[in-house]
Amino acid sequence: MDPIGASCFSLHLEDSQRAKLEEQQRQEEQFSEAITSIRSLSRYDGRTFKTLCPQVLAALIAASFHVVVGISLAYSGILIPQLNDTSSGIAVTKAESSWIASTIVIVAPIGGITGGFLMDTFGRLNTLKLAVVPSVIGWVAIAMAQNVPMLIVGRIFTGLASSWGTSPAVVYITEIARVDVRGSLVSFGPALASLGMVLAFLKGWFLNWRLVAWMSLGYSILPLILIQVFVPESPPWLVAKGKIEEAAKSLRYFNKYQPQPEHRTETLAELQLALLQKEHQIKLEEDSKRGSGILTIAKEFLKATGYKPLFILFGLFFFQQYSGIYITLFYSVQFFQAIGSSINPYLASTLIGTVRFSMSCANTYMMRTFYRRPLLMVSGLGMCLCMAFSGLFTQWILEGSSTQNWVPTTLLLLYVITSMVGLLPIPWTMTAELFPIEIRGVAHSVAYSAANLLMFASVQMYYVLLDWWGGIVGIQWFFAVISILASAYVFIFVPETHGKKLSEITNYFSDSGAIYILSRKKDKEAQKRRTQSRVPKRDIVKSGNQNEKLINSV
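Since this is a predicted model, take the numbers as computed values, not measurements.

K.L.:
Now, about the overall build of the protein chain: what can you tell me, with residues and values included?
P.N.:
Looking only at helices and strands, the protein chain features 28 helices and 0 strands. Looking at the protein chain residue by residue over its 554 residues, the buried ones come to 49%. A separation threshold of at least 6 residues defines the contact pool for the protein chain, and within that pool the share at least 24 residues apart is 81%. Here the protein chain has roughly 27200 Å² of accessible surface; of this, 64% comes from carbon and sulfur atoms.

K.L.:
Which residues make up empty space enclosed by the protein, and what values go with them?
P.N.:
Enumeration over the complete set of coordinates arrives at 2 cavities of 30 Å³ or more. The space that makes up the largest cavity amounts to roughly 60 Å³. Put simply, the parts of the chain that give the lining of the largest cavity at least two residues each are α17 (327-330), α19 (345-369) and α21 (406-421). Sorting elements by how many residues they give to the lining of the largest cavity places α21 first, with 3 residues. Tallied by class, residues from the lining of the largest cavity come to 5 nonpolar, 2 polar and 1 charged. Computed from the structure, the second largest cavity encloses a volume of approximately 30 Å³. Lining the second largest cavity, in full, are T328, S332, F335, F336, I352, L412, Y415 and V416. Of all the elements in the fold, those that place two or more residues in the lining of the second largest cavity are α18 (332-338) and α21. Considered class by class, the residues forming the lining of the second largest cavity number 6 nonpolar, 2 polar and no charged.

K.L.:
Help me get a handle on the nonpolar core, residues and values and all.
P.N.:
Counting residues in each nonpolar core, the largest one holds 128 residues, and the members touching the most others are Y75, L151, Y172, F330, Y331, F335 and Y462. Per-element accounting of this core gives the leading share, 11 residues, to helix α3 (residues 66-83). Counting 9 residues, the second largest nonpolar core, distinct from the first, contains W237, A247, A248 and L276.

Calculation criteria
Residues numbered from 1 in each chain as written. Predicted model: local features only at pLDDT ≥ 70, side-chain atom pairs only at ≥ 80, totals over all residues. Heavy atoms only, no water. Helix = DSSP H or I, 4+ residues; strand = E, 2+ residues; numbered from the N terminus. Buried < 20%, exposed > 50% of the residue type's maximum accessible area, 1.4 Å probe, protein only. Contact = heavy atoms within 4.5 Å. Areas by Shrake-Rupley, 256 points an atom, 1.4 Å probe, with all protein chains shown as cover. 1 Å grid on protein atoms, 1.4 Å probe; cavity = no way out; pocket = protein on both sides within 12 Å on 5 of 7 lines; lining within 4 Å. Points joined across faces, edges and corners; volume = space filled by probe spheres on them. Nonpolar A, V, L, I, M, F, W, Y, C, P; charged D, E, K, R; others polar. Core = buried A, V, L, I, M, F, W, Y, C linked by side-chain atoms within 4.5 Å.

Spelled out as structure tokens, the structure:
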């Protein structure tokens, strides 16, 4: 072949290869853009309730274990008053009562760590099934208890079951839910836990604590049956474990009412499967580049994006716990008896559980609509006012200068409502928002463990706080002071996360100090300088017109 012909041939090959490479690169870019999130397939989703039914059913069943979790949390509120009765058969001291109430919380860090390992190893639904085992052991131990150690052992097992039965459910719902309804479906868990509290107080009102424990076995076993019969495992977890056929079957279940996507030969389930496989491959590549291990994670925590949000959350959880939110739940019946309420304490506790359940449902809308910081500050201020006036009326009632016994109960119900506006739910939500992706899983576990340790300490210290502050009046005023300090803490330190991209939150911690109001002031000053240095467009146009007139006149 002559040199010219050879060069033309080679040029033709280069052009052909270049065109193929460009086309391949274009397709890769399009596909890469498509697989960044499963949400890219949302344009194919049929937006009808029928298409959503499989996800709603699966979310309800996965969250159904929250009912017995709510019963476990509220159970000490009905158990301790009945144990203080001489006919209970088990005598308890104040110290033993505080251990019975708080033990369920102390095992939460252990349950969170082991639960995370279990759901990553054996699957989300299998971990929910395993949670039935410690739950059954715990309730049987409580129901058959002949002494305080047996009650504490039972509470330990029910606490472990609570950890194993909540986190996997939230992860499962997050992975199977459509993006636009994910928040609403995740809220099934807290709502059903509040329903469990209502059931616990209602039963404690009329039934013996042993019978309530026996009945709780049904709420433990029913989720196991429902999961086994009706819902499949999480598709992302199945893909991560290489179980492609099972993942395809699971996706067909969740998309069985979806219409055939237009201009596509694949079903929506097949498209989602392809994207999940590609996403998993990219994640593996990113993990191999970034590295892993304890040392790598420790280095991330030493960065400002690691330790700053951790300290902020620790402070936020401190104010949450010592503002009385969980103390009034764990000792609800005793609390209402102490304030001199004329309303039956079991009825009042049931009303509190009902209010929590209603606010859990309403909270879905508030969290989606309003900013986090105003909700937290309004919540703290409202809790402060409710507790302060409740303490004042309690003092008047105990002194005999007032007969309005209904007022403290009403104020405590309002206190629960204001707590549900912000200070109770938002700190738990922010554990998933403040940390960078590299350490989000570990950091969430650390923050969750710290919060539960603080909860244990606050619940354990209830009788100590009563002695420190001179009784039920003083402790209510203590809760009021902590609540208003919580609002001040949020105003000074806690950044806004609503409507912010995760990258923007990470950049805030890496670029700013730990004091939010100072960083906001700097941002406003910088924006003002940029505005002043920028010449308005209309002035430029006006100046240009004047110059044009000058040139024409010359």
